[in-house]
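Spelled out, the chains give:
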Amino acid sequence: MHKGFLRPVYGSYGVDSLLNILVTGGLGYIGSQACVALVQAGHGVVVLDDLSNSQRSVREQIEKIAGSEIHLEIGDIRDEECLCRLFNEFNFSVVFHFAGLKSPLESVAVPVDYYDCNVNGTLSLLKQMKRSQVKTLVFSSSASVYGIPAEIPVTEKNSVTNPSHPYGRSKLVVENILADLSSADREWRIACLRYFNPVGAHPSGLLGENPQTIPCNLMPYIVRVASGRLEKLSVFGVDYSTVDGTGVRDYIHVQDLVEGHLAALNYLECNSGFITLNLGTGQGVSVLQLIHEFENVTEIKIPFVTTERRAGDVAECWADASLAENMLGWKATRTLADMCRDAWRWEQQCLQKSS
Ligand code: NAD
Ligand code: UDP
């Protein structure tokens, strides 16, 4: 296997030069696929992950797809000694910060854990970045900062004063910290990327999302019903004023999302300051539409029952993603069928492994 990483970085960076990039949470669903893309783009990748929601074996899958090694450090972003050691050892130019807790429901039950990991964790990272003069950051934010959006499609100008849960508020706190940091020191280059609903998996079937408990999100639930791991889907609410009464979201293929991150990195190469961008497709898709698309693609029937609305759900939410297109030259291109096909391939792979 080619071991082409972690050479020194000379001078200012560019897309053609090799960067050493710290990827926090790089064994997770989105981070792992970002690692593949970064390695394939020629960058050196160091992953810092505490395995709280991932497995060590993900590293092998990243290396297998990318054809090159990465460095893995098992540790917590709140461990300042660990951060100090890593930053001293590797000459990072950029940090991709994916690590964090991400369940809205869980955040209501254990808000302090969420603020500690998501906010304190980011603060530890920022302090170390400042000490090491590493001032380029791509941060995983979320459409949940919008709470109940006043306008659909949601532009970045929408109010973010009232996220619906501690998870969304923890993302908003971090966004505000990053904005303040950028105002205080214009050398920082920061992209806050507000993801809408990431779904799908790596097309190889080797990387994807594998919740350890019963999934809360729609697509992971659908694939488990399709494979027989779960009996039937509950459709939460059929009385919304939407196209067919069910909730509408902006599902985006995780590979499109990853490409958005690489586009953000290219942008930050040329621009300092602070940007906040929606990453979505700009298309609203209802629960029933997603079920039907999945059934068409896989030819598997998804049994479902309709139930009450899920507490805290918004009726519809999809992105106006034109700012990302204008600023980054990035646009999601994968179809809903691609998302279903790749999610299903991943589920089959998971089942094969566990049998
Ligand atoms: P994930 O849980 O699959 O990945 C997060 C990774 O971070 C995991 O590997 C976990 O072990 C690690 N981690 C968690 N806490 C850590 C800590 N304190 N120190 C070191 N590592 C830690 O999540 P994901 O879906 O890949 O999401 C990545 C980021 O994107 C998260 O910040 C999440 O909030 C954000 N986001 C995700 C979604 C989504 O639907 N997946 C939507 C919007 C935003
Ligand atoms: N949903 C559903 N059944 C499920 C999970 C989700 O009907 O088992 C619905 C949910 O009410 C919402 C949509 O699917 O309208 C997307 O939910 P998800 O949790 O995936 O995303 P979020 O609501 O956090 O954007």
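In case you missed it, the structure is sitting above this.
This one's a predicted model, so the numbers in the text were calculated from it and none came from an experiment. (Residues numbered from 1 in each chain as written. Chains lettered and ligands numbered in written order. Predicted model: local features only at pLDDT ≥ 70, side-chain atom pairs only at ≥ 80, totals over all residues. Heavy atoms only, no water.)

A. Molecular detail of the overall build of the protein chain. Within the protein chain, the regular secondary structure consists of 11 helices and 14 strands. The C-alpha atoms of the protein chain give 20 Å as radius of gyration, which agrees with the globular expectation for 355 residues (20 Å, within 12%). Expressed along its principal axes, the backbone C-alpha trace of the protein chain runs to roughly 55 × 45 × 40 Å. Pairs at least 24 apart in sequence give 81% of the contacts found in the protein chain among residues at least 6 apart. Placing the 30 positive and 40 negative side-chain charges of the protein chain at their respective mean positions leaves the two points 3 Å apart. (Helix = DSSP H or I, 4+ residues; strand = E, 2+ residues; numbered from the N terminus. Rg over C-alpha atoms; globule rule 2.2 N^0.38 Å. Contact = heavy atoms within 4.5 Å. Lys, Arg positive; Asp, Glu negative; His and termini not counted. Charge placed at Lys NZ, Arg CZ, Asp CG, Glu CD.)

B. Focus on the site of ligand 2. The local shell around ligand 2 holds 14 residues, among which Leu218, Ser234, Arg249, Arg310 and Asp313 are the closest. One of the side-chain N or O atoms of Asn197 is found 2.9 Å from an oxygen atom in ligand 2. Between ligand 2 and Arg310, the relevant distance is 2.8 Å, taken from an oxygen atom to a side-chain nitrogen or oxygen of the residue. The protein chains hide 89% of the 510 Å² of surface that ligand 2 would expose on its own. Residue contributions to the shell around ligand 2 peak at four residues, all from strand β8 (residues 233–236). (Near = heavy atom within 4 Å. Polar contact = N/O pair within 3.5 Å; in protein donor to acceptor, adjacent residues only side chain to side chain. Areas by Shrake-Rupley, 256 points an atom, 1.4 Å probe, with all protein chains shown as cover.)

C. Local environment of the sheet that holds strand β9 (residues 248–249). Sheet architecture is open: three strands sit in the order β12-β9-β14, paired in mixed fashion. Of all the strands in the sheet, the pair left with one neighbour each is β12 (285–286) and β14 (316–317). As judged from the two bridges shared by β9 and β14, these two strands associate in the parallel manner. In the strand pairing of β14, Val248 is matched with Glu316. (Pairing = 2+ DSSP bridges.)

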